Amino acid sequence: MTPPPARLLSVCADDFGMSMGVSAVIADLASRSRLTHISCLTNGTHWRQAAPLLGPLVRPVTAGVEAGLHFNLTDGAPLSRELAAVWPRLPSLTALIRDAHLRRLPLSALCAEWAAQWQAFTDQMGAAPAFVDGHQHVHHLPGVRDVMLAALSVMPESPAVRSTALLPGPGFGFKRWAIRHTGGRALQAELVQRRMRHNAVLLGAYDFKTADYRGLMQQWLSQVPPEGALLFCHPGVADAGDVIGEARLRERAYLGSSDFALDLARAGVTLGRAWRQA
């Protein structure tokens, strides 16, 4: 009997540019074909210093790794003068979600911030992002998603967008529910209506405390659908003050190990670009 075709999984490491340690780990994993996508914090303290690490990974464009914009509204300081005049420091995720759903966001300033973070990417990479998403999924929030979609709609070729509508388990049901219902479903509807490329499902949500990352990954791999999936992760180092530093170390160790390759093979999953057209 002919074996079923391998299911396709995109593995995206978030937070490139947050620190040189995190960025170096991500670049190393990508160079070893353990990642397919890298999402960049262009307002990160070390973005300009870290960006050259991406060059050998994403050029030529036929290379296996795509770099994207990790739009950030909850960590550090704004890049734009317009948003800095309103928020000298970016708000907490809780405050941002509250104000987004109360329609109290400074939308004109957010447009300027989107443009500034996008420009910071293109200045260093010499090209537009291949995809966009949000730090802590802020890109799907009311108001924020309107800013993003308005900017993308005028581009001759829109990048892919991370959909946060469908998040299969295991566990952490409330977190997955919260991601979906704070804007994931609404963003998905817009992506389908606008026929923009996106992922079928999103894997990787957990509490960053569970020690058995391999066990989680094995369950995520079992839930990759025939149309493929995107899995987000946060490998890196434990920088001072990083509340998920220990999780970054665990993810780094597993993704760089032979166990990851073995688990992919056993699950019948192949790494690649799993974007689909609506």
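Calculation rules
Residues numbered from 1 in each chain as written. Predicted model: local features only at pLDDT ≥ 70, side-chain atom pairs only at ≥ 80, totals over all residues. Heavy atoms only, no water. Helix = DSSP H or I, 4+ residues; strand = E, 2+ residues; numbered from the N terminus. Rg over C-alpha atoms; globule rule 2.2 N^0.38 Å. Contact = heavy atoms within 4.5 Å. Areas by Shrake-Rupley, 256 points an atom, 1.4 Å probe, with all protein chains shown as cover. Lys, Arg positive; Asp, Glu negative; His and termini not counted. Charge placed at Lys NZ, Arg CZ, Asp CG, Glu CD. Disulfide = S-S within 2.5 Å. Buried < 20%, exposed > 50% of the residue type's maximum accessible area, 1.4 Å probe, protein only. Polar contact = N/O pair within 3.5 Å; in protein donor to acceptor, adjacent residues only side chain to side chain. Expected span 1.5 Å × (residues − 1). Bend = angle between axes of the 7 residues up to and from the residue. Pairing = 2+ DSSP bridges. Phe/Tyr/Trp six-rings, centres within 6.5 Å; stacked < 30°, edge-to-face > 60°.

A few words on the overall build of the protein chain. Along its length, the protein chain carries 11 helices and 8 strands. For the protein chain, the C-alpha radius of gyration of 18 Å lies close to 19 Å, the compact-globule estimate for 278 residues. For the protein chain, the spread of C-alpha atoms along the three principal axes comes to 60 × 40 × 35 Å. Expressed as a percentage of contacts within the protein chain between residues at least 6 apart in sequence, the contacts between residues at least 24 apart total 76%. When the accessible surface of the protein chain is summed, it comes to about 12100 Å², and 56% of that surface belongs to carbon and sulfur atoms. On the protein chain, the mean spot of the 27 positive side-chain charges and the mean spot of the 22 negative ones are 4 Å from each other.

Here is the idea: a disulfide is a covalent bond, and it sits between the sulfur atoms of two cysteines. Enumeration over the complete set of coordinates arrives at 0 disulfides. Unpaired in terms of disulfides, Cys-40 finds its nearest cysteine sulfur in Cys-12, a separation of 8.6 Å. Its sulfur unpaired, Cys-233 is 7.0 Å from the next cysteine sulfur, which belongs to Cys-12. On the accessibility criterion, Cys-233 (0% relative accessible area) is buried.

Following the sequence through the fold, Glu-66 ends up in strand 3 (residues 66-71). A polar contact of 2.8 Å, which involves the side chain of Glu-66, links it to the side chain of His-37. A distance of 3.4 Å separates the side chain of Glu-66 from the side chain of Arg-273, its partner in a polar contact. In contact with Glu-66, not counting residues within four places along its chain, are Thr-36, His-37, Ile-38, Val-58, Ala-130, Phe-131, Arg-273 and Trp-275.

Turning to helix 8 (residues 173-194), a few remarks are in order. Given 3.6 residues to a turn, an α-helix orients residues that are three or four positions apart in the same direction. Helix length check: helix 8 (22 residues) gives 29 Å between terminal C-alpha atoms against 32 Å at 1.5 Å per residue, within 8%. For helix 8, the principal kink sits at Gly-184 and spans about 55°. Burial in helix 8 covers these residues: Arg-176, Ala-178, Ile-179, Thr-182, Gly-183, Gly-184, Leu-187, Gln-188 and Leu-191. Where helix 8 is buried, its residues contact helix 5 (93-101), helix 7 (144-153) and strand 5 (160-161). Immediately downstream of helix 8, the backbone of Arg-195 shows phi near 55°, a positive value.

Time to look at the pairing of strand 3. Counting buried residues along strand 3, 6 of its 6 residues qualify, which places the element largely inside the surrounding structure. Note that strand 2 (residues 37-40) and strand 3 share 4 bridges and pair parallel. Note on strand 3: the bridge partner recorded for Ile-38 is Ala-67. The pairing of strand 3 with strand 4 (residues 131-134) spans 3 bridges and is parallel. Counted as the bridge partner of His-70 is Asp-133 from strand 4.

An ideal rise of 1.5 Å per residue puts 16 Å on 12 residues; helix 1 (residues 20-31) measures up with 16 Å between its terminal C-alpha atoms. Among the residues of helix 1, Val-22, Ser-23, Val-25, Ile-26, Ala-27, Leu-29 and Ala-30 are the ones counted as buried. Looking at the buried side of helix 1, the elements it contacts are strand 1 (7-16), strand 2, helix 2 (47-50), helix 3 (55-58) and helix 10 (245-255). Phi turns positive one or two residues past the end of helix 1, at Ser-33, with a value near 65°.

Our focus in this paragraph is the environment of Ser-10. Mapped onto the fold, Ser-10 is located in strand 1. Residue class for Ser-10 comes out buried when judged on its relative accessible area of 1%. With sequence-adjacent residues up to four places away left out, Ser-10 is seen in contact with Thr-36, His-37, Ala-229, Leu-230, Leu-231, Gly-272, Arg-273 and Ala-274. Side-chain polar atoms of Ser-10 contact the backbone oxygen of Gly-272, separated by 2.7 Å.

Here the focus is the packing of aromatic side chains. With the rule as written, the count across this model stands at 13 aromatic pairs. Site record: aromatic cluster; members linked through ring pairs are Phe-172, Tyr-206, Phe-208, Tyr-213, Trp-220, Tyr-254 and Phe-260.

Of the consecutive residues Gly-169 and Pro-170, the connecting peptide bond is found in the cis state with omega at 20°. Here Pro-170 is to be found in the loop between strand 5 and helix 8. Phi angles above zero are rare outside glycine, and Asp-15 is one such case at about 80°. Mapped onto the secondary structure, Asp-15 falls in strand 1. Phi angles above zero are rare outside glycine, and Ser-33 is one such case at about 65°. Along the polypeptide, Ser-33 turns up in the loop between helix 1 and strand 2. Overall, the relative accessible area of 55% leaves Ser-33 in the exposed class.

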